[in-house]
Amino acid sequence: MPATKLVKGVLKGNRRDLARLITLIENEHSSAATALSMLYKHTGNAHIVGVTGPPGSGKSTLVTRITAKYRKRSKTIGIVCVDPSSPFTGGALLGDRIRMQEHSLDKDVYVRSMSTRGHLGGLARATSDAVRVMDAFGKDIVIVETVGAGQSEVQVVEVAHTVIVVDVPGAGDDIQAIKAGIMEIADIFVVNKADYPGADKKVTEINAMLDLDSRERSWRPPVLVTNALTGDGIPELVDMIGKHMSYLQETGLLKQKGLQRSRDELEQIMEYKLTKELFTRLRGTPEYEQAIKKIAGRNDDPYSVAERLIAEFLTSVRG
Amino acid sequence: MSSSKKIRVLVAKPGLDGHDRGAKIVARALRDAGMEVIYTGLRQTPEMIVEAAISEDVNVIGMSILSGAHNALFPKVIDLLKAEGVDNILVIGGGIIPQDDVPALKAAGIAEVFGPGTPLAEIVGYIESNVKL
Ligand code: B12
Ligand SMILES: Nc1nc2c(ncn2[C@@H]2O[C@H](COP(=O)(O)OP(=O)(O)OP(=O)(O)O)[C@@H](O)[C@H]2O)c(=O)[nH]1
Ligand SMILES: [Mg+2]
């Protein structure tokens, strides 16, 4: 079924159409882009919250707790949980849903498990579009749980308004588990598993690290302590997520981020389309193969050939 | 269409049965065969299984029961799927299931039943040849 047929159902709140559309996006079905373009004007209303941190730190359990709190406030929730695919078989075991059972019969909570399908950066390629579809569907809050992250899985910052970085007590001396890259993207720090010894020490360590951060900024990421098993600290966390959104709105940062994101996205799409167009014209033509042979034989160089081919391409599209 | 389809499977443990070794082993084998496997853990009601299957848009539901409750729980899942108008999901089961019960389960809509000692390759092969993508 073409994705465009599902758009109406998604806008009317049909869960099954939502689920199928996400599958078509994941599978890069040829009609997915058109469906997304039809949905675009209905997006931009959800508060998108990213949850990242080392494997097993309690991300899924926290997401469940946060969701329960939001449900008490009658918010509707979409959740995308990303798990890594096996580099050898391409398969994946998606287990985050195990922790989200308490919401499994709540029609206002939509949970979708997603494999990275080889994509790096902590998310799947389709994650940001899936988030967008949930936004268009009408979810008030969309939560993205990344793969268990180390230091380079920071892509969630491109998708979320508010990024929560989860750590646990005693994960090594100083900051071992969460490293520089991932520390820098936090809007809120959570030290989960407060029932383990060393939570206070962890809070001190993170704060000490924040003291060293020389970036000029008006939002210093707060460090909260939670126990996701008992729910301790969850009301404070949910309040802080709301405070962060108010901060983004009041300072104009939300608008600024929106502009930046639109610019980045537009440029990514144009870059993709342009290069695709260029290469469909070039690849396989005798001239192109000849030029490559010349470069390899040192009869020409890649710099001038690139200049020439792009100039020719531009002339041909103008003509 | 430049599609890159993946077989998505929900592996579920319906009822109060706590034997989860088989379900986990099967889940891992399917992952190793390149499938995307969603494991929902223990104590699933048929309603929870159907809801998860729809939300996750799976192609296959695989249920594991070793407690003897299969005659009640397997057909219930089929009924709920029908009520939701879902007819494109392959539903299979495994665990301790007496041979005598198998014909009725199949009549109810369980496509195949796999008992103890089934080679994992047989389960993988069955799904690959019978799944509707
Ligand atoms: C290990 C075991 C346990 C372990 C379970 C550990 C765990 N976390 O899984 C423990 C000790 C906890 C346990 C407890 C009990 N057990 Co016990 N247990 C077994 C035992 C010995 C082996 C089960 C096993 O793990 N097999 C290995 C796995 C890999 O095999 P499998 O599950 O059959 O899976 C294969 C196939 O069936 C199929 N398959 C299974 N699931 C699925 C799913 C899909 C989608 C597909 C495609 C295929 C598939 O593929 C797999 C690979 O071939 C069996 C006896 C037996 N020989 O089966 C009894 C048995 C299942 N237990 C039994 C009982 C009664 C109990 C208890 C109630 C009390 C007791 N008397 O010990 C408790 C209840 C626990 C509970 N909370 O539900 C009975 C059940 C009787 C019945 N059905 O009428 C059995 C049959 C023993 C007996 N002969 O009496 N048990
Ligand atoms: N003691 C304690 N255990 C917790 C707490 N929060 C979560 N856990 C347990 O930690 C384990 C991992 O929790 P998950 O929520 O699955 O962690 P995760 O970060 O989502 O894990 P991955 O998605 O695999 O990276 C589970 O056994 C939870 O029950 C907590 O506050 N205290
Ligand atoms: Mg998780």
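About the criteria used
Here the residue numbering is sequential within each chain, running from 1 through the sequence in written order. Labels follow written order: the first chain is A, the first ligand is 1, and so on. For a predicted model such as this one, the threshold for reporting local features is a pLDDT of at least 70, and the threshold for listing and counting side-chain atom pairs is 80 or more; totals across whole chains, interfaces and linings nevertheless cover every residue. Water and hydrogen atoms were dropped before computing side-chain values, which therefore reflect all heavy atoms in the structure. Going along the chain from the N terminus, every DSSP run of H or I of four or more residues is numbered as a helix, and every run of E of two or more is numbered as a strand. Here's how the labels work: a residue is buried when its accessible area is under 20% of the maximum for its type, exposed when over 50%, partly exposed in between, all with a 1.4 Å probe on protein chains only. Here, two residues are considered to be in contact whenever any of their heavy atoms come within 4.5 Å of each other. For the purpose of charge, His is not counted, nor are the chain termini; Lys and Arg are scored as positive and Asp and Glu as negative. Think of each charge as sitting on NZ of Lys, CZ of Arg, CG of Asp or CD of Glu. By buried area we mean the combined loss of accessible area, with a 1.4 Å probe, across both parts when two parts are placed together. Criterion for a salt bridge: a side-chain nitrogen of Lys or Arg within 4 Å of a carboxyl oxygen of Asp or Glu. The definition of a polar contact used here is a pair of N or O atoms within 3.5 Å, where within protein one atom must be able to donate a hydrogen and the other to accept one, and adjacent residues in sequence count solely through side-chain atom pairs. As a working rule, the residues Ala, Val, Leu, Ile, Met, Phe, Trp, Tyr, Cys and Pro are called nonpolar, Asp, Glu, Lys and Arg charged, and the rest polar, with Gly in that last group. Here the rule is simple: two strands pair whenever DSSP picks up at least two bridges between them. For Na, K and Ca the donor cutoff is 3.2 Å, while for all other metals N, O and S atoms count as donors only within 2.8 Å; water does not appear among the atoms, so some sites may look incomplete. Grouping buried Ala, Val, Leu, Ile, Met, Phe, Trp, Tyr and Cys residues that are joined through side-chain atoms within 4.5 Å yields what is termed a nonpolar core. As annotated, the domain borders come from an automatic or database domain assignment. By convention in this text, a residue qualifies as near a molecule or strand provided that one of its non-hydrogen atoms is within 4 Å of it. Accessibility throughout is a Shrake-Rupley quantity obtained with a 1.4 Å probe, and a residue counts as covered only by protein chains that appear here. Patch construction takes residues with relative accessible area above 30% that form no salt bridge. Like charges are linked within 9 Å, and nonpolar side chains (Val, Leu, Ile, Met, Phe, Trp, Tyr) are linked within 5 Å. To estimate the expected span of a helix, subtract one from its residue number and multiply by 1.5 Å. To obtain an axis, a line is fitted to C-alpha atoms, over the contacting stretch when the element is a helix, and the angle between two such axes runs from 0 to 180 degrees between their N-to-C directions. Here is the rule for angles: anything less than 35 degrees is roughly parallel, anything more than 145 is roughly antiparallel, 65 through 115 is roughly perpendicular, and the remaining ranges are oblique.

A. Main features of the overall build of chain B. If you tally the helices and strands in chain B, you get 5 helices and 5 strands. Mapped from its N terminus to its C terminus, chain B presents α and β elements in the order β-α-β-α-β-α-β-α-β-α. Overall, chain B is about 45 × 35 × 25 Å in size when its C-alpha atoms are taken along their principal axes. Taking all 133 residues of chain B together, the buried fraction comes to 53%. The long-range fraction of contacts in chain B, counting pairs at least 24 apart against all pairs at least 6 apart in sequence, stands at 72%. Charge separation in chain B, taken as the distance between the mean sites of 13 positive and 16 negative side-chain charges, equals 5 Å.

B. Structural context of the interface of chain A and chain B. With 30 residues of chain A in contact, the opposing surface of chain B contributes 31 residues. When chain A packs against chain B, close to 2600 Å² is buried across both sides, 49% of that on carbon and sulfur atoms. Contact with chain B buries surface across chain A, with Arg16, Leu93 and Arg97 of chain A losing the most and accounting together for 21% of the total. Where chain A touches chain B, the interface holds 5 salt bridges. Note that Arg8 of chain B is salt-bridged to Glu26 of chain A, the shortest N-O span being 3.8 Å. Taken together, chain A and chain B are joined by 19 residue pairs in polar contact (both at pLDDT 80 or more). Elements supplying a minimum of two residues to the side of chain A that touches chain B: α2 (15–26), β3 (92–94) and β4 (109–115) of chain A. Examining the composition of the side of chain A that touches chain B, we find that 6 residues originate from one element, α2 of chain A, more than from any other. Considered class by class, the residues forming the side of chain A that touches chain B number 8 nonpolar, 13 polar and 9 charged. Note that β3 of chain A and strand β2 (residues 36–39) of chain B share 3 bridges and pair parallel. From the neighbouring strand, Leu94 of chain A faces β2 of chain B, where its bridge partner is Ile38 of chain B.

C. Seen up close, the coordination of the cobalt atom of ligand 1. With respect to protein ligation, the cobalt atom of ligand 1 binds only His19 of chain B (NE2), at 2.1 Å. Checked against the element boundaries, His19 of chain B lands in the loop between β1 (8–12) and α1 (21–32).

D. A look at the nonpolar core. Residue and element names in this part refer to chain A. Membership of the largest hydrophobic core comes to 49 residues, with the highest contact counts inside it found for Leu21, Val133 and Phe189. Two domains each provide a minimum of three residues to this core, namely domain 1 (1–42) and domain 2 (43–251). Excluding its chain neighbours within four sequence positions, the residues that come into contact with Val133 are Val10, Leu18, Leu21, Ile25, Leu36 and Leu39. Judged by nonpolar contacts, the second largest core, of 28 residues, contains Val109, Ile143, Tyr247 and Leu248.

E. Summary view of the site of ligand 2. Residues and elements named next belong to chain A. Taken together, 18 residues surround ligand 2, and among them Lys59, Ser60, Thr61, Arg99 and Asp195 come closest. A distance of 3.1 Å separates an oxygen atom of ligand 2 from a polar atom in the backbone of Gly56. Between ligand 2 and Lys59 there is a distance of 2.8 Å, counted from an oxygen atom to a side-chain nitrogen or oxygen. In the complex, 79% of the free accessible area of ligand 2, which totals 650 Å², lies under the protein chains. Among the elements that make up the shell around ligand 2, the one with the highest residue count is helix α4 (residues 59–72) (3 residues). Of the residues that constitute the shell around ligand 2, the class distribution is 4 nonpolar, 8 polar and 6 charged.

F. Looking closely at the coordination of the magnesium ion (ligand 3). Residues and elements named next belong to chain A. Protein-derived ligands of the magnesium ion (ligand 3) are Ser60 (OG), Asp96 (OD) and Glu145 (OE), with the metal-ligand distances lying across 2.0 to 2.2 Å. Along the chain, the residues donating to the magnesium ion (ligand 3) fall in the pattern S-x35-D-x48-E. One end of the pair, Ser60, is in helix α4; the other, Asp96, is in the loop between β3 and β4, and 36 residues separate them in sequence. Note on accessibility: Ser60 and Asp96 belong to one class, buried.

G. Local environment of a nonpolar patch on the surface. A cluster of nonpolar side chains, namely Ile310, Leu314 and Val317 of chain A, defines an oily patch on the protein surface of about 230 Å² accessible area. Examined against the element boundaries, Leu314 of chain A turns out to sit in helix α12 (residues 302–318).

H. Local environment of helix α10 (residues 253–282) of chain A. Residues and elements named next belong to chain A. An ideal rise of 1.5 Å per residue puts 44 Å on 30 residues; α10 measures up with 43 Å between its terminal C-alpha atoms. Of the positions making up α10, those classed as buried are Glu265, Leu278 and Leu282. Contact partners of the buried residues in α10: α5 (127–137), α11 (286–296) and α12. Just past α10, the residue Gly284 takes up positive phi, approximately 90°.

I. Structural view of the site of ligand 1. Residues and elements named next belong to chain B. Neighbouring ligand 1 are 24 residues; Gly18, His19, Asp20, Leu66 and Thr118 lie closest to it. Within the contact set of ligand 1, an oxygen atom lies 3.0 Å away from a backbone nitrogen or oxygen of Arg21. Measuring from an oxygen atom of ligand 1, one finds a backbone N or O atom of Pro116 at 3.4 Å. For the shell around ligand 1, the elements supplying multiple residues, two or more each, are α1, β3 (60–65) and β4 (90–95).

J. Geometry of a negative patch on the surface. All names here are of chain A. Taken together, Glu158, Asp264, Glu267 and Glu271 make up a surface patch of like negative charges. Among the elements that take part in the negative patch, α10 stands out by supplying 3 residues, more than any other. Counting through the fold element by element, Glu267 comes out in helix α10.

K. Structural view of the packing of α2 of chain A against helix α2 (residues 46–55) of chain B. One way to put it is that α2 of chain A packs onto α2 of chain B with a least axis distance of 8 Å and a crossing angle of 45°. Comparing the axis directions of α2 of chain A and α2 of chain B gives the class oblique. Each of Arg15, Arg16 and Ala19 of chain A in α2 of chain A lies in contact with α2 of chain B, whose residues at this interface are Glu51, Ile54 and Ser55 of chain B. For the contact of α2 of chain A with α2 of chain B, a count of residues per class yields 2 nonpolar, 1 polar and 3 charged.

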